[in-house]
Structures are given as structure tokens and as C-alpha cells.
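# Structural characterization, general
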Protein chains: 2
Amino acid sequence: MQNVKVVIWGLGAMGSGMARMLLNKKGVDIVGAIDIGNKLGKSMYEVIGVERRGRAEVIVKTPEETITEKCADVCLCVTDSFTSKAFDKFKFVMENKINVVSSAEEMAYPMAQEPELSKKLDEIAKENGVSILGTGINPGLIMDLLVVIMTGCCESVDEITARRVNSLSPFGPTVMEEQGIGISLDEFNRKVETNSMSGHVGFPESISMIADAIGWKVDKVEQTMEPILTDVDRKSPYGFAKAGNVAGVAMKGFGYVDGKMKIEMDHPQQIEPEQVGVKTGDYVIIKGTPNINMVNSPEVPGGIGTIAMCVNMIPQVINSKPGLQTMISLPVPRAIMGDMRELIDPERKVVK
Amino acid sequence: MQNVKVVIWGLGAMGSGMARMLLNKKGVDIVGAIDIGNKLGKSMYEVIGVERRGRAEVIVKTPEETITEKCADVCLCVTDSFTSKAFDKFKFVMENKINVVSSAEEMAYPMAQEPELSKKLDEIAKENGVSILGTGINPGLIMDLLVVIMTGCCESVDEITARRVNSLSPFGPTVMEEQGIGISLDEFNRKVETNSMSGHVGFPESISMIADAIGWKVDKVEQTMEPILTDVDRKSPYGFAKAGNVAGVAMKGFGYVDGKMKIEMDHPQQIEPEQVGVKTGDYVIIKGTPNINMVNSPEVPGGIGTIAMCVNMIPQVINSKPGLQTMISLPVPRAIMGDMRELIDPERKVVK
């Protein structure tokens, strides 16, 4: 079997990480890289900071230059957070008979907020005999799929809390700005009012994935966003919050079933949580028969986790029956420590 | 769509628990119950201790009296721990075009110890257009599938430890006897020598499932069994261990990859662990990128967990393509809080 052929669309922090991860795996080649601006025309190896050595050159090009019919088995689309913004890219890739893995948070369960686009994506995928999946660490695993799997050992479930207490310290300037690190309370409130605080994208997706998986009908999803103000100066490699200012954002989400709050999402993100005695971790708490009280501490780092989830799901996406897939419609994610080709169904491979 | 139709083969503690769980679910009927001895001819409701109320009567009968072609969508086979002992039952059910969920520990990954029988089961399933799955709490979830899913957010994995520290106190006289609760050290050693200590069945299965999932080739599996001797008298509802005697069994398993121990299983089971300060829990510890350090405490109770896993996987087994399936080839388990029919692919349903 030929190696698994991958195109990466978007060489930011996540896409570059996926490229580096793929270069360490057996049975898989990166055959194309797409980006814009001053990355165009450069060697992908230069952009991702890896020596090319004996590998074939990959020049960063435009979509039209890179994507031709069946030129790859899968395209990792690592460009957007929102389904509507990425839709045309997905369409273009799938119409070239190539499977898609997307890191867009909304794509982890696009039925939640984009039911019409989800239908269209499903149709385009089926028409072209390919599949499309959105995944990542969260949404994608920690606050949804991991919850779902733990309900699997429950006779019944009454209430669910998914909590992710994580550190933003490893992240770069973009995330510092997006999460309002270092701004004053007034500025935070102004940003919330003008909808320019992005915060975490994914609660409606995680809540809907859990509810649909276990058969609850969610009639309302609410979310709140509060500043995490710091008592002491906090400094991370790319962030600084003076005492009194914003060191992070605490978001909560609530899913209501028959008028009752049944699914709670609790996700405080901040720089240097250890400095103020906050223990980071991923929590799954289920009230049911039996109760589940699970914690992974410290939390799975967001960057590595998202990179790994997108790459590790490649075989499941290639092997899947055509259509829009989700983490609850495919076999479980797993690390790929052997040859990726051994995981591929020959009948489903695009590049024969 | 007609309700999902289930036959239960074996009304011991596990099978009876599955029956009771199913009676609380929507869109599913128990249409047959198989057992032996003095249960034959009795009402299933009497055997499982539930009032029949308006439900159709189900009389406990022989396999031949119960199983006819396509009489059910799935048969829960809850009779054995070993594939070879249950093989003829699986064959009989599948030749009647009925899917199988088995609680036999070896069936959680039968390729590990019964590769020939696994091939035969796969062939029989495919010939008859049905599928067969082994599952349970452990093997089936805690020390294998849960490990696999957590490797899914890892770029690479170096070493794995799965630990389940559980209490045997909720179990009845059979488990007390099987696990040697209350016997002396001499008797324990004698039983180990004569191979009459059953201990935990499932390490080769869990190790192989993990290794196959992530692409490691296991060249050797070892396991050890040690008594847990108690310093103090311990008393559970069905067990008693005098100070100095056996209060449980500590089993370990080791999977070697390229001569190195890469997968460790650690599973001490005892009555009244809290009495001696042992905190029970399920642990997934992965050394890799990133590290995973997960615990669910207290542990998922073995009985409820196995009952729930077998029932909750019914839709995945019905919907699956024909053949021998495992927990890593099917979508993740999940609780069923709605109508079970909504989870069934009409094309795959047996009883139309």
C-alpha cells in the first residue's frame, strides 16, 4: 500500500505541530501545505522549523495549486474556529475526493449551531465518497467524548459536570490577546459587551454531543463568561497580568433537559494557576448509577492534545463510510505508534 | 420501528442485572430467557425479582426452545468467562441470524488467546450477516478501552500503567470463594500451584487490545498472582478474613514490546480495603507526550459496570457491519437514556 498522503491547510501553531508530528510517524507523507501571505512559496520545512533532510520538498502554495482530485487521502484543515468560515474550504477539498479532518471547534459537533451547513457537508461528503470530521482536545475529547465513554458504564445518568481547569501559560501572544490576559476589569467588561472576547468556543458542541449520545433532548444551552482577576502579579512566557487585572477567563455552560439543568460545563482558563494554588486538571463527574468521579491532573495540554487528536483520527476518517462524522460515530481515538498504513482499509484509501 | 428484541442467555447475577436494567429502558423488549436447572420453566420475572405487571410473560427455557431464526435482534450471552466454553452457544445464536454480546472476559479481545476460534467466530458472523462483541467493565473498559482513548491525545507513548484497585465487598459467595477470601496463606499457595485460583481473567486481552490499538507488537505477556494478607480481621457481607489470612488477590500483568516491559497491569482486589486505608480507584498512567495521570475514585463497581457495558453496547453491535467486533472497532459506549430504537440503523435491524 502507498503511504497515507496528507495535505495540511494552515501552518499556524496547530498546523505546524501536526506537520512535525506526522514527520515522526511511519507510513505517512505530507504531500501538500497551504497557507497565505509571506509563507507562500517557502519550504514547509522552513515554516515548521524542521530540517528537510532526504525528504521530498513541500512548497507552501495556494489551495488551487495544491489540491487536485485524489491528490491525498486526507486534508487537515487547521484554519478556523467556525464552521461557516471554513465551509468553502471543506467543500473544495471534498469535491476533490479527499477526506477532511478539521480542528474548528464548531466542527466537533456542527449540528449544534450549524444544522443547515451540517446537512450540506454531509451531502457533499456522500456525493464525493469521502468523510469529514471535526476534532481536537476540547471540544473533541475532554469535555465531551470522555464524558460519553464514562456514561457507557452507567445504568442511568442523572446529571453531568465536565470541568477543565487549565493553564494558558504555554500559549503564545494570540491566545494572550484573545483571552484578555493583563487587561483591566473595565476593559474586560467592554470587550464582553461588544462581543470581542472570544473565550472558549465549544460548549454548545460538547453539550449537544453528550446529550445526543445518551439520548437526552436539550431544550436550552446557556453560557457565562467571568474574568479571573488576580491578587498578585502573574507572568507567563507571553503574558503578564498585574495584580488587580485579568489573568484569565472562567466560562461556564449549562445544558437544560426538560427544563432542568442536566449538563454543566466549567472551564476556567488562566496563566500561572499554580501561583495562586489552583490545581489544574480535567474532571468528569457523573451523578448516576454508578457515580463517576474522574480527574486527570494536570490537564492534557491544549496544544499537544489538539495536534494529537487531529493526526490520530486520520485512519478512522479515511476508513469511515462517507458523510459527516463525529467523535461519537467513529471508533475511539488512539495513538499511532506503528505504521499508519496498517490501520487503513485498502478499499477506502483514496490514493491507491 | 419495532422495539429492539433481546434474548438473555444466563440469569446469574450479571444476566439478571441486565434483565432488570433493560426493563427500565424504552424501546426494548426481553423476548426470551435461557438458563438451566431449577430456573427452567419459571417466569423470568420471578428469577430476577421484578414484578411482571402488564408485561408479556417470559418463561425460562432451553436454547432450542428459545432461539429461532431472527427471533431477536441480539442475544446477551452471560454464561462463561472463556471463549472455548461459550463458542458453541455463540455459533448457535449467530446461525439463527442473531447478533451477540458476550460478557466472557476472554471475548473482550479473543484474538489474544484464541486466535483460531476468533477467526471462526468472525467467519460465522459474516456468513450470517450478524456481529459479535465481548465487553464488560474489565476487560472491556477500565484497563483497556479507557487507556486507548487517552493515548488518542498523545503524540507518542512510551509506557502504560493501568491500575484498578477495587473492593470485593459488594460481591457474593461465589466471588468470595473464587478469590480465596479468608483462606490461609498455605491454602492460597496450594490453590495457585494446582491452578484452582481463578483470580482476574483479562490481562492478556487488555494488553493485546491496547497494543493492537496503538500499533505495538507484544512479544510476551506475563502475569503474577500474590495473596493480600490482612493484619486485621475484615468482614464483608459475604466474606470474612481473619487477621493473617487472605483478604484478596493482587494480580499484575506485563506486556513486553521488543523485549521491553511497556504495558503494566496492576489489579489488587480485596474485601474492605478502606479498613486498612487503601483507597480504591481506576488509574490510567501514560508516560508519553503528554503524560496522562488519570484516576476515577472510587472505582467503577464491577457488577453494575459490566451490566451497563453489555446493555449499552447493544445498539453498536446491531448497527455494526457483520463480523467479530471489539471495543476498539466500534463507536464508544454510552448510556441509553432515551428510546433505544432511535439508536438503531433500520437497515441493520434483525426483527423488522
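Quantities reported herein were computed from a predicted structural model and do not represent experimental measurements.

When chain B is fitted onto chain A, the two copies agree to an RMSD of 0.0 Å after a turn of 180° and an axial shift of 0.0 Å. What we have between these two chains is a two-fold relation. By C-alpha distance to the rotation axis, the residue of chain B lying nearest is P331 of chain B, at 2.1 Å. Here 100% of the interface residues in chain B have copies in chain A that are interface residues too; the copies meet face to matching face.

Below, the discussion takes up the confidence of the model for chain A. When the pLDDT values of chain A are averaged, the result is 96; 100% of them are 70 or greater. Quick note on the complex model: pTM equals 0.97, ipTM equals 0.96.

So, on to the interface of chain B and chain A. Every contact between the two is made by 49 residues of chain B and, on the other side, 49 residues of chain A. Of the roughly 4000 Å² buried at the junction of chain B and chain A (both faces included), carbon and sulfur atoms supply 63%. When residues of chain B are sorted by the area they lose upon contact with chain A, I149, E155 and M337 of chain B head the list and together hold 16% of the total. In this assembly, chain B and chain A are joined by two salt bridges. Salt-bridge contacts for K217 of chain A lead to E342 of chain B; the nearest nitrogen and oxygen are separated by 3.0 Å. Inspection of the chain B/chain A interface yields 19 residue pairs in polar contact (both at pLDDT 80 or more). At the level of secondary structure, the elements contributing two or more residues to the side of chain B that touches chain A comprise α6 (145-151), β7 (156-167), α9 (203-214), β14 (292-296) and α10 (302-312) of chain B. The class makeup of the residues in the side of chain B that touches chain A is 32 nonpolar, twelve polar and five charged.

Attention now goes to the UniProt feature "domain: Dihydrodipicolinate reductase N-terminal" (unreviewed entry) in chain A. Per the UniProt record, "domain: Dihydrodipicolinate reductase N-terminal" (unreviewed entry) is found at residues 4-102 of chain A. Here residues 4-102 of chain A runs as 33% helix and 23% strand, with 17 Å between its end C-alpha atoms.

Turning our eyes to something else, we now look at the packing of helix α4 (residues 83-95) of chain A against helix α5 (residues 115-127) of chain A. Residues and elements named next belong to chain A. Interaxial distance between α4 and α5 falls to 10 Å at its minimum, and their mutual angle equals 10°. The pairing of α4 with α5 is recorded here as roughly parallel in orientation. For the pair α4 and α5, the contacting residues are T83, S84, F87, F90, K91, M94 and E95 in the first and L117, K120, L121, I124 and A125 in the second. The residue inventory of the contact of α4 with α5, partitioned by class, reads seven nonpolar, two polar and three charged.

Mapped onto this numbering, the UniProt entry gives "domain: 2,4-diaminopentanoate dehydrogenase C-terminal" (unreviewed entry) at residues 141-344 of chain A. Each end of residues 141-344 of chain A is marked by a C-alpha atom, and these two atoms are 22 Å apart; helix forms 25% of the span and strand 34%.

Another aspect to go through is the pattern of salt bridges. Side chains bearing opposite charge may pair, as long as their charged atoms lie close to each other. All names here are of chain B. All chains considered together, the criterion is met by 28 salt bridges over all chains. K349 is the partner of D73 in a salt bridge, and the nearest nitrogen-oxygen pair spans 2.8 Å. Here D73 is found in the loop between α3 (63-66) and β4 (74-77), whereas its partner K349 is found in the segment after β15 (323-325), with 276 residues between them in sequence. Exposure remark for D73: the relative accessible area of 0% places this residue in the buried category. What makes K349 buried here is its relative accessible area of 4%. E264 is the salt-bridge partner of K252, the closest N and O atoms lying 4.0 Å from each other. Of the two residues, K252 sits in strand β11 (residues 246-257) while E264 sits in strand β12 (residues 260-270), which places them twelve residues apart along the sequence. With relative accessibility at 17%, the residue E264 sits in the buried group.

Next up on the list: the sheet that holds strand β15 (residues 323-325) of chain A. Residue and element names in this part refer to chain A. Spatial strand order, β3-β2-β1-β4-β5-β6-β15: seven strands in an open sheet with parallel pairing. The open sheet has two edge strands, β3 (60-61) and β15, and neither has a second partner. Two strands pair when backbone bridges link them, and strand β1 (residues 4-9) and strand β4 (residues 74-77) are joined in this way by four bridges, in the parallel orientation. Bridge pairing links W9 to C77 in β4.

A word on helix α1 (residues 13-23) of chain B. All names here are of chain B. A large share of α1 lies buried, amounting to eight of its eleven residues. Of all the positions in α1, only G15, S16, G17, M18, A19, M21, L22 and L23 are classed as buried. Looking at the buried positions of α1, the neighbouring elements they touch are β1 (4-9), β2 (28-34), α2 (44-48), β4, α10 and α11 (314-319).

Turning to α9 of chain B, a few remarks are in order. Residues and elements named next belong to chain B. End to end, α9 covers 17 Å across twelve residues, agreeing with the expected 16 Å (1.5 Å per residue, within 8%). Counting buried positions along α9 yields eleven of twelve residues, so the element is predominantly enclosed. In the core, the buried residues of α9 are packed alongside α6, β7, β8 (218-229), β11 and β12.

For the rest of this paragraph, the subject is the environment of A125 of chain A. Residues and elements named next belong to chain A. Its place among the elements puts A125 in helix α5. Judged by its relative accessible area of 0%, A125 is buried. In this structure, the C-alpha to C-alpha distance between A125 and L324, residues 199 residues apart in sequence, is 6.6 Å. Apart from the residues lying within four places of it in its own chain, the contact partners of A125 are M94, V130, S131, I132, P322, G323 and L324.

Moving on, we come to the pairing of strand β14 (residues 292-296) of chain A. Residue and element names in this part refer to chain A. With four of five residues buried, β14 is to be regarded as a mostly interior element. Both strand β13 (residues 281-289) and β14 contribute to a ladder of five bridges, which runs antiparallel. Along β14, the bridge assignment pairs I285 with N293.

Basis of the calculations
Residues numbered from 1 in each chain as written. Chains lettered and ligands numbered in written order. Predicted model: local features only at pLDDT ≥ 70, side-chain atom pairs only at ≥ 80, totals over all residues. Heavy atoms only, no water. Least-squares fit on C-alpha atoms with pLDDT ≥ 70 in both. Contact = heavy atoms within 4.5 Å. pLDDT = per-residue confidence, 0-100. Buried area = accessible area lost by both parts, 1.4 Å probe. Salt bridge = Lys/Arg side-chain N within 4 Å of Asp/Glu carboxyl O. Polar contact = N/O pair within 3.5 Å; in protein donor to acceptor, adjacent residues only side chain to side chain. Helix = DSSP H or I, 4+ residues; strand = E, 2+ residues; numbered from the N terminus. Nonpolar A, V, L, I, M, F, W, Y, C, P; charged D, E, K, R; others polar. UniProt positions renumbered as here; feature names shortened; annotations may be inferred. Axes fitted to C-alpha atoms, helices over the stretch in contact; angles between N-to-C directions. Parallel < 35°, antiparallel > 145°, perpendicular 65-115°, else oblique. Buried < 20%, exposed > 50% of the residue type's maximum accessible area, 1.4 Å probe, protein only. Pairing = 2+ DSSP bridges. Expected span 1.5 Å × (residues − 1).

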